[in-house]
Amino acid sequence: MITIDRTDLAFQLHDVLGVARLAEQARHTDYDREAIDGVLDTAERIAVDHFLPHAAQLDEHEPEFVDGKVEMDAAVADALKHYREAGFFGAAFDAEWGGMQMPETVRLATSFMFMMANVGTSSYPFLTTGAANLIASFGSDEQKERFLRPMVEGRFFGTMCLSEPQAGSSLTDISTTAEPREDGSYSITGRKMWISGGDQEISENIVHMVLAKIPGGPAGVKGISLFIVPKFLVGDDGAVTQRNGVVLAGLNHKMGYRGTTNTLLNFGEDSPCIGYLVGEPHHGLSYMFQMMNEARIGVGLGAVALGAAGYRASLAYARERPQGRHPDSKDPESPQVLLIEHADIRRLLLAQKAAVEGALALSLYSADLVDRIRTEEDEDSRRQNELLLDLITPIAKSWPSEYCLEANKHAIQVLGGYGYTRDYPVERLYRDNRLNPIHEGTHGIQAIDLLGRKVLQAQGAGVKTLAGRILADIREAHAAEGLAEHAEALANHLSETIATTGKLVHAVAEAPRAGLANASVYLDMLGHVVIAWMWLRQAVVAARKKSERDGDANFLDGKLAACRYFFAFELPKTSAQRALLDRLDDTTITMRPDWF
C-alpha cells in the first residue's frame, strides 16, 4: 500500500527548484536532468525491491541482545548490500575519496525514498554519512585514509555518541574522559546512551564519533573534544585488526524505529579503549554541531517520509473502501460511496497532503541551500545562504516532526479501526514518527535554538534574508492567476511575524527566561509562515504550468487545492499564536511546581 509519488518529487526538484542547473557547476557536471532521473530510478527500485519488503517484519522482530552481540534480520544486510553496490554510501562525497559528488538536493531526494520504504534500515547509511562528513571536514589526512574511505565505500558504518545515562541533551554534564597516551592516541573511558546503530554484525567496522573531555581542559561544553573510536582497530595497511574496548552493554527497546539497533555502550570498562582526536582539543562540540545540523535536516526529512508513507497508504485505502452514504442520501438501499467521497475524509487527506508536500518542499529547499553554499562564488551570497540555512534548520527539523506526525494520526483516522491494527502499516508509521520530535534535540530545544540563537545571529541578518526571499516570491505570486489573495495573506502574516519577532528579541535580551518561555509557540508560528511560503512557491509553478497546459491537470489542480487548504485552515492559526507571544504570556513561568 505504500507507494512513492515520483510525480511530486520531479515537480519539486525540477519545476520548483530547477536542480538540473547544478550541472553547470564543475563539481556536478555529471548531473543533468537525465542523470538525476536515472539516480532516482535506481533509488526507487532498491527502496521498493529491497527496503520495503522487510519493514514490517523488522518492527515485529526487532534486534536482540544475545551473548554480547546484536542479532538482527538478515534482510537488513541484504538491502544495504544493494545500497552499497549502487554507490549510495558515497553519494555526496568527493571523488577523491571514492564518492559520486552528487548534489545534496538529489541525495536528499533519494534518502526520502529509502526512508519512506523502511526508516529503520535507512538509519544505518544516514548515520554513516553524518559521521563520515565529520571526518571529511575536520579529520587528518591519515584519518581520512584509514576511516573515511571505507565509510564512503560502505564497508565501515558510523555513529554519533553524545548522550550519556545521566546527561541527555545537557552535554555540559557528560563525564566520558579521554586520557592522552604516549603514541598520540587517547584512552577513552565512559558510557554512552541512546546510540543508534551502536552495534551490529553487518559492516566490517563501526566508527563511533565520541564526545569526551580531556582532563585539565576548560569546564562545561568548552572542554569537550571529539574522537574517532572504532569498534575494531585499523592497521596502517587499512586492515581491521583486534577488537577495541567498546562493549555493547544492552539494547533500548523503543516504541518505534524498532529496526534500528539502539544501544548502551561502555568504553574502556573491561579492556583499553583507544580513540583518536579529531581536529583541535576542546573544539568537539563545534565540530559535532555540523553533524547535528545535518542530522536535524535528515530527521525532518525522515518525518516527512513517514508522513508521506502514511498519506499514500490512507489515500489508497480511501479510494478502495466503500463506506456509508452522503448526508443527503436517505435511501438505505442505495449503493455505498467510497470513503474518499466524504468531505471529512477529504479534509483528513488534504491535511496530510498539505503537511507532507509542504514539509518536503522545505527539506529540499534546505538541501538546495547546501548546494548553493558549496558552489556559490560570491561571498556575500554565500554568507546570506549560510545564515538562512542556519535560521531554518530548527524549523526543517521540528515542523515536519510535529505536523507530519499529525499527518500519520490522520492516516490512522482515515482507516478507522483498521488503522489501529497491524494489518495495515499506518500504526507502525505513526509509532516510528513519534520519535522524531525527540530525535536530535526535542521540539523545545529546537525552539530555544531558533529564538535564542538563530534569530539573533549576525544582528538578525538571517531573518532579514528570509523576509526578503519570501517577499520576492510574494511579488511573483501577485502576478500569477488566482494567487493574489494568498500572496496578500502571506504578506500580512509575514509583516506581523517580523513585528512579533522584534518584540521577542528585545524580551530575550532583557529577561531571557521570560523571553524564551514560549519559544515553542514561536517555532510553530514561524514554521507555519515558512510552510505557507513553500506552498506559495509551488502554487506559482503549478498555476503557470496549468495555464501553459504543461503537465497533468489533476496533479496541478491538486497542488493548488492543497495550497488553498493550508492558507484557509492552517496559516490563520498563527494569529492567535502571535497574540500570545506579543503579550509575553507568563503562565508557564508563574505556574509553580507544587501546584501540579
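Thresholds, definitions, all that
For every chain, the first residue of its written sequence is number 1, and the numbers climb from 1 along that sequence. With pLDDT at 70 or above as the cut-off, local features in this predicted model cover only qualifying residues; side-chain atom pairs require 80 or more to be listed or tallied, and sums for whole chains, interfaces and linings still use all residues. Side-chain figures throughout are based on the complete set of non-hydrogen atoms in the structure, without hydrogens or water. Among the buried residues, those of types Ala, Val, Leu, Ile, Met, Phe, Trp, Tyr and Cys that are joined through side-chain atoms within 4.5 Å form a nonpolar core. Burial status follows relative accessibility: with a 1.4 Å probe on protein chains alone, a residue under 20% of its type maximum counts as buried, one over 50% as exposed, and anything between as partly exposed. Numbering of helices and strands runs from the N terminus; a helix is a DSSP stretch of H or I covering at least four residues, while a strand is a stretch of E covering at least two. Residues are treated as being in contact if the distance between any of their heavy atoms lies within 4.5 Å. Here the expected span of a helix is defined as 1.5 Å times the quantity of residues minus one. In this context, the arc is that of the directions from the helix axis out to the C-beta atoms. UniProt positions are given in the numbering used here, feature names are shortened, and annotations may be inferred rather than shown by experiment. One bridge is not enough; two strands pair if DSSP finds at least two bridges between them. An axis is simply a line fitted to the C-alpha atoms; with a helix, the fit covers only the stretch in contact. Between two such axes, the angle follows the N-to-C directions and lies from 0 to 180 degrees. Should an angle fall under 35 degrees it is taken as roughly parallel, and over 145 as roughly antiparallel, whereas 65 to 115 is taken as roughly perpendicular and any remaining angle as oblique. Here a crossing is called left-handed whenever its near helix is offset anticlockwise from the far helix by less than a right angle, and right-handed whenever the offset is clockwise. Under the scheme applied, nonpolar residues are Ala, Val, Leu, Ile, Met, Phe, Trp, Tyr, Cys and Pro; charged residues are Asp, Glu, Lys and Arg; polar residues are all the others, including Gly. Any pair of N or O atoms that falls within 3.5 Å is considered a polar contact. Within protein, one atom must be able to donate a hydrogen and the other to accept it, and sequence-neighbouring residues count only if both atoms are side-chain atoms. Neither His nor the chain termini are counted; the positive set is Lys and Arg, and the negative set is Asp and Glu. Put simply, a salt bridge is a Lys or Arg side-chain nitrogen that is within 4 Å of an Asp or Glu carboxyl oxygen.

K.L.:
Looking at this structure, how should I read the nonpolar core?
P.N.:
Side chains of a nonpolar character, in soluble globular proteins, are inclined to be buried together. The biggest cluster of nonpolar side chains holds 109 residues, and the ones touching the most others in it are F112, L466, L490 and Y522. With 16 residues, helix α16 (residues 519-547) is the largest single contributor of residues to this core. Not counting residues within four places of it along the chain, the set of residues in contact with L490 comprises I470, I474, V529, A532, W533, L536 and F567. Formed by 30 residues, the second largest nonpolar core is a distinct cluster that contains F93, M151, L211 and I224.

K.L.:
Whenever I open this one, helix α2 (residues 33-51) confuses me. Can you help?
P.N.:
Residues that lie three or four places apart on an α-helix share one face, since the helix turns once every 3.6 residues. Compared with an ideal rise of 1.5 Å per residue, which puts 19 residues at 27 Å, α2 spans 25 Å between its outermost C-alpha atoms and is within 8% of the ideal. Looking only at α2, the buried set comprises I36, V39, L40, A43, I46, A47, H50 and F51. In an axial view of α2, the angular spread of the buried residues amounts to 140°, which keeps them on one side of the axis. Structurally, α2 contributes buried residues whose contacts are with α1 (6-16), α3 (55-60), α4 (74-85), α5 (104-117) and α6 (119-138).

K.L.:
Help me out: how do you make sense of unusual backbone geometry in this one?
P.N.:
Only a minority of non-glycine residues have a phi that is not negative, and only a minority of peptide bonds are not trans. Of note in the backbone geometry, E440 takes a positive phi value of approximately 55° without being a glycine. Take E440: it is sitting in the loop between α11 (426-433) and α12 (443-454). The phi torsion at A458 lies on the positive side, around 50°, for a residue other than glycine. As for its position among the elements, A458 is in the loop between α12 and α13 (461-478).

K.L.:
Explanation requested: the UniProt feature "domain: Acyl-CoA dehydrogenase/oxidase N-terminal" (unreviewed entry) in the chain in the structure shown.
P.N.:
As recorded in UniProt, the sites labelled "domain: Acyl-CoA dehydrogenase/oxidase N-terminal" (unreviewed entry) are residues 39-154. Secondary structure over residues 39-154 splits into 66% helix and 5% strand, and the C-alpha atoms at its two ends are 18 Å apart.

K.L.:
I tried to follow the pairing of strand β5 (residues 186-196) on my own but got confused; where do I start?
P.N.:
The side chains of a regular strand alternate, residue by residue, between the two faces of the sheet. As paired strands, strand β4 (residues 177-180) and β5 are joined by 4 bridges and run antiparallel to one another. Residue pairing across strands places E179 opposite S187, the latter belonging to β5. Between β4 and β5, which follow one another and run antiparallel, lie 5 residues, and G184 among them has a positive phi close to 95°. Bridge count for β5 against strand β12 (residues 274-277) is 2 bridges, and the pairing is antiparallel. In the sheet register, Y186 faces β12, and the bridge partner there is G275. Pairing between β5 and strand β11 (residues 262-267): 6 bridges, direction antiparallel. Bridged to G190 within β11 is F267.

K.L.:
Could you clarify how one ought to interpret the packing of helix α10 (residues 379-415) against α11 in this entry?
P.N.:
Pairs of packed helices are described in terms of their axes, by the angle between the two and the distance that separates them. Between α10 and α11, the least distance of the axes is 9 Å, while the angle of their chain directions is 160°. In terms of axis orientation, α10 runs roughly antiparallel to α11. Relative to α11, the crossing made by α10 is left-handed. Counting all contacts with α10, which are made through C404, L405, N408, K409, A411, I412 and L415, the residues of α11 involved are V426, E427, L429, Y430 and N433. A breakdown of the residues in the contact of α10 with α11 according to their chemical character gives 8 nonpolar, 2 polar and 2 charged.

K.L.:
I keep staring at the side chain of N266 and nothing clicks. Help me out?
P.N.:
Checked against the element boundaries, N266 lands in strand β11. Residue classification places N266 among the buried positions, given a relative accessible area of 7%. Side-chain polar atoms of N266 contact the side chain of E269, separated by 3.1 Å. Other than its neighbours up to four places away in sequence, N266 contacts G190, R191, G245, V246, V247 and A249.

K.L.:
Before we go on, may I ask you to explain the packing of α5 against α6 in this structure?
P.N.:
Where α5 meets α6, the axes come as close as 7 Å, and the angle between the chain directions of the two elements is 150°. Taking contact as the criterion, the partners of R107, F114, M115 and A117 in α5 are, on α6, V119, S122, F126 and T129. Of the residues belonging to the contact of α5 with α6, the class tally is 5 nonpolar, 2 polar and 1 charged.

K.L.:
How should I be thinking about the pairing of strand β3 (residues 156-161) in this particular structure?
P.N.:
Most of β3 is tucked away, with 6 of its 6 residues classed as buried. Residues F156, G158 and M160 line one face of β3 and the alternating positions F157, T159 and C161 line the opposite face, and both faces are buried. When β3 meets strand β6 (residues 205-213), the two strands line up parallel, connected through 6 bridges. From the neighbouring strand, G158 faces β6, where its bridge partner is V207.

K.L.:
Honestly, the side chain of K397 in this entry has me stumped. Any pointers?
P.N.:
Turning to its location among the elements, K397 is positioned in helix α10. For the buried K397, no salt bridge is present, and the opposite-charge side chain at shortest range is E402, 7.1 Å distant. Within the structure, K397 has its side chain in polar contact with the backbone oxygen of H439 (distance 3.0 Å). Those residues in contact with K397 that lie beyond four places of it in its chain are R296, V299, G300, N436, P437, I438, H439, E440, G441, T442 and Q446.

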